[in-house]
Amino acid sequence: MGTNGSTMLEPFDALRQSLPPLDPSAVSSAASCALPARYEAVRSAREFARRTLADWDVPERFDDICLVVSELVTNALRHALPADTPYDQDPPVRLHLMRWASRVVCAVRDPSNDSPVAGDGEDVVDDFSAESGRGLFLVDSFSDSWGWHPLAGALSGKVVWALFRL
(Lines give C-alpha, C1' and ligand atoms only; values in the text may rest on other atoms or scores of the structure.)
Protein backbone atom coordinates (compact mmCIF):
# COMPACT_ATOMS: atom_id res chain seq x y z
CA MET A 1 0.00 0.00 0.00
CA GLY A 2 1.19 3.54 -0.66
CA THR A 3 2.95 5.41 2.10
CA ASN A 4 0.97 8.61 1.90
CA GLY A 5 -0.78 7.70 5.15
CA SER A 6 -4.30 8.04 3.81
CA THR A 7 -7.05 5.52 3.56
CA MET A 8 -9.55 5.26 0.75
CA LEU A 9 -12.22 6.80 2.96
CA GLU A 10 -10.35 10.03 3.70
CA PRO A 11 -10.94 13.04 1.44
CA PHE A 12 -8.41 13.15 -1.36
CA ASP A 13 -7.83 16.87 -0.85
CA ALA A 14 -5.42 15.73 1.86
CA LEU A 15 -3.27 14.25 -0.92
CA ARG A 16 -2.97 17.56 -2.73
CA GLN A 17 0.70 18.24 -2.51
CA SER A 18 3.68 18.99 -4.68
CA LEU A 19 5.93 16.29 -5.99
CA PRO A 20 7.90 14.59 -3.24
CA PRO A 21 11.08 16.39 -2.18
CA LEU A 22 13.48 15.22 -4.86
CA ASP A 23 16.36 17.27 -6.17
CA PRO A 24 15.45 18.20 -9.77
CA SER A 25 19.14 18.50 -10.67
CA ALA A 26 19.62 14.83 -9.74
CA VAL A 27 17.17 13.57 -12.36
CA SER A 28 19.14 11.05 -14.37
CA SER A 29 16.51 10.52 -17.09
CA ALA A 30 13.21 12.01 -18.15
CA ALA A 31 10.73 11.28 -20.93
CA SER A 32 7.25 12.47 -21.81
CA CYS A 33 4.59 11.89 -24.43
CA ALA A 34 1.41 13.70 -25.44
CA LEU A 35 -1.78 11.64 -25.42
CA PRO A 36 -4.86 12.40 -27.54
CA ALA A 37 -8.43 12.37 -26.18
CA ARG A 38 -9.03 8.74 -27.17
CA TYR A 39 -9.11 5.61 -25.03
CA GLU A 40 -6.50 4.05 -27.35
CA ALA A 41 -4.15 6.51 -25.67
CA VAL A 42 -4.07 4.25 -22.60
CA ARG A 43 -2.39 1.52 -24.64
CA SER A 44 -0.01 4.07 -26.17
CA ALA A 45 0.90 5.37 -22.69
CA ARG A 46 1.52 1.85 -21.40
CA GLU A 47 3.73 1.02 -24.42
CA PHE A 48 5.62 4.30 -24.00
CA ALA A 49 6.19 3.48 -20.31
CA ARG A 50 7.35 -0.07 -21.16
CA ARG A 51 9.85 1.20 -23.75
CA THR A 52 11.12 3.96 -21.47
CA LEU A 53 11.53 1.68 -18.45
CA ALA A 54 13.29 -0.94 -20.61
CA ASP A 55 15.67 1.77 -21.88
CA TRP A 56 16.31 2.82 -18.28
CA ASP A 57 16.78 -0.83 -17.21
CA VAL A 58 14.21 -0.63 -14.40
CA PRO A 59 12.94 -4.22 -14.17
CA GLU A 60 12.12 -4.31 -10.44
CA ARG A 61 9.00 -2.09 -10.57
CA PHE A 62 8.15 -2.54 -14.25
CA ASP A 63 4.67 -4.08 -13.82
CA ASP A 64 3.67 -1.74 -10.96
CA ILE A 65 4.64 1.38 -12.90
CA CYS A 66 2.89 0.26 -16.10
CA LEU A 67 -0.30 -0.54 -14.16
CA VAL A 68 -0.29 2.86 -12.46
CA VAL A 69 0.40 4.65 -15.76
CA SER A 70 -2.67 2.90 -17.23
CA GLU A 71 -4.84 3.92 -14.28
CA LEU A 72 -3.70 7.55 -14.20
CA VAL A 73 -4.15 8.00 -17.95
CA THR A 74 -7.56 6.28 -17.87
CA ASN A 75 -8.67 8.59 -15.05
CA ALA A 76 -7.47 11.66 -16.95
CA LEU A 77 -9.31 10.62 -20.11
CA ARG A 78 -12.49 9.54 -18.31
CA HIS A 79 -12.83 12.25 -15.66
CA ALA A 80 -10.68 15.25 -16.60
CA LEU A 81 -11.77 15.97 -20.16
CA PRO A 82 -15.02 17.66 -21.14
CA ALA A 83 -17.37 15.23 -22.89
CA ASP A 84 -17.20 17.29 -26.08
CA THR A 85 -13.37 17.30 -26.33
CA PRO A 86 -12.61 16.96 -30.06
CA TYR A 87 -10.41 14.02 -31.05
CA ASP A 88 -8.32 16.22 -33.34
CA GLN A 89 -7.55 18.82 -30.64
CA ASP A 90 -3.96 19.24 -29.49
CA PRO A 91 -3.36 16.33 -27.13
CA PRO A 92 -4.86 17.42 -23.80
CA VAL A 93 -3.14 14.80 -21.60
CA ARG A 94 0.59 14.33 -21.14
CA LEU A 95 2.52 11.53 -19.43
CA HIS A 96 5.86 12.35 -17.81
CA LEU A 97 8.33 9.77 -16.49
CA MET A 98 11.31 10.89 -14.41
CA ARG A 99 14.06 8.74 -12.96
CA TRP A 100 16.35 9.49 -10.08
CA ALA A 101 19.01 7.02 -8.92
CA SER A 102 16.61 5.18 -6.62
CA ARG A 103 13.15 6.43 -7.66
CA VAL A 104 10.84 6.76 -10.62
CA VAL A 105 7.97 9.25 -10.74
CA CYS A 106 5.18 9.02 -13.27
CA ALA A 107 3.03 12.12 -13.61
CA VAL A 108 -0.04 12.69 -15.76
CA ARG A 109 -1.05 16.24 -16.65
CA ASP A 110 -4.64 16.97 -17.63
CA PRO A 111 -6.70 20.13 -18.25
CA SER A 112 -9.14 19.73 -15.32
CA ASN A 113 -8.85 21.82 -12.17
CA ASP A 114 -10.91 19.28 -10.20
CA SER A 115 -9.20 17.13 -7.59
CA PRO A 116 -8.98 13.39 -8.19
CA VAL A 117 -12.00 11.58 -6.75
CA ALA A 118 -11.99 7.94 -5.74
CA GLY A 119 -14.92 5.62 -5.50
CA ASP A 120 -16.06 4.71 -2.00
CA GLY A 121 -13.36 2.41 -0.61
CA GLU A 122 -15.98 0.03 0.75
CA ASP A 123 -17.46 -0.39 -2.75
CA VAL A 124 -14.01 -1.27 -4.07
CA VAL A 125 -13.50 -3.92 -1.40
CA ASP A 126 -17.01 -5.35 -1.70
CA ASP A 127 -17.20 -5.60 -5.49
CA PHE A 128 -14.02 -6.84 -7.15
CA SER A 129 -15.98 -7.50 -10.35
CA ALA A 130 -16.81 -3.81 -10.82
CA GLU A 131 -15.33 -2.41 -14.03
CA SER A 132 -14.58 1.04 -12.67
CA GLY A 133 -13.99 2.91 -9.43
CA ARG A 134 -10.73 1.18 -8.49
CA GLY A 135 -8.23 3.46 -10.26
CA LEU A 136 -6.96 5.49 -7.32
CA PHE A 137 -7.18 2.47 -5.02
CA LEU A 138 -4.79 0.66 -7.40
CA VAL A 139 -2.51 3.70 -7.66
CA ASP A 140 -2.35 3.83 -3.86
CA SER A 141 -1.77 0.07 -3.62
CA PHE A 142 1.00 -0.25 -6.23
CA SER A 143 2.97 2.98 -5.75
CA ASP A 144 5.01 4.05 -2.73
CA SER A 145 3.24 7.41 -2.59
CA TRP A 146 1.10 9.58 -4.80
CA GLY A 147 -0.56 12.95 -4.85
CA TRP A 148 -1.62 15.79 -7.08
CA HIS A 149 -1.21 19.51 -7.47
CA PRO A 150 -2.77 22.23 -9.60
CA LEU A 151 -0.72 23.70 -12.41
CA ALA A 152 0.53 27.23 -11.97
CA GLY A 153 1.06 30.11 -14.32
CA ALA A 154 -0.48 30.12 -17.79
CA LEU A 155 -1.31 26.40 -17.71
CA SER A 156 -4.63 25.30 -16.28
CA GLY A 157 -5.30 21.85 -14.98
CA LYS A 158 -3.45 19.54 -12.64
CA VAL A 159 -0.77 16.90 -12.36
CA VAL A 160 -1.43 13.57 -10.65
CA TRP A 161 1.80 11.78 -9.76
CA ALA A 162 2.97 8.46 -8.30
CA LEU A 163 6.39 7.68 -6.86
CA PHE A 164 8.10 4.29 -6.99
CA ARG A 165 11.19 3.44 -4.96
CA LEU A 166 13.66 1.20 -6.80
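Okay, so let's go over this structure. (Residues numbered from 1 in each chain as written. Predicted model: local features only at pLDDT ≥ 70, side-chain atom pairs only at ≥ 80, totals over all residues. Heavy atoms only, no water.)

Time to look at the overall build of the protein chain. Broken down by element type, the protein chain carries four helices and five strands. Counting from the amino terminus, the protein chain carries its helices and strands in the arrangement β-α-α-β-β-α-α-β-β. Considering only intrachain contacts with a sequence separation of at least 6, the fraction spanning at least 24 residues in the protein chain is 70%. If you sum the accessible surface of the protein chain, you get close to 8800 Å²; carbon and sulfur atoms cover 50% of it. (Helix = DSSP H or I, 4+ residues; strand = E, 2+ residues; numbered from the N terminus. Contact = heavy atoms within 4.5 Å. Areas by Shrake-Rupley, 256 points an atom, 1.4 Å probe, with all protein chains shown as cover.)

Attention shifts here to the environment of Asp-140. Along the polypeptide, Asp-140 turns up in helix α4 (residues 135–142). Under the relative-accessibility criterion, Asp-140 is labelled buried at 2%. Remark: the alpha-carbon pair of Asp-140 and Val-68, spanning 72 residues in sequence, is separated by 8.9 Å. (Buried < 20%, exposed > 50% of the residue type's maximum accessible area, 1.4 Å probe, protein only.)

So, on to the nonpolar core. In terms of nonpolar packing, the biggest core is built from 33 residues, with Val-69, Leu-95 and Cys-106 touching the most fellow members. Of all elements in the fold, only β1 (29–35), α1 (40–56), α2 (62–79), β2 (93–99), β3 (103–110), α4, β4 (145–150) and β5 (158–165) reach the threshold of two or more residues within this core. For this core, the element with the most residues is α2, which contributes eight residues. In this structure, Val-69 is in contact with Ala-45, Arg-46, Ala-49, Leu-95, Leu-97 and Cys-106, ignoring residues within four places of it in sequence. Listed in part, the eight residues of the second largest apolar core include Met-98, Leu-151, Val-159 and Leu-163. (Core = buried A, V, L, I, M, F, W, Y, C linked by side-chain atoms within 4.5 Å.)

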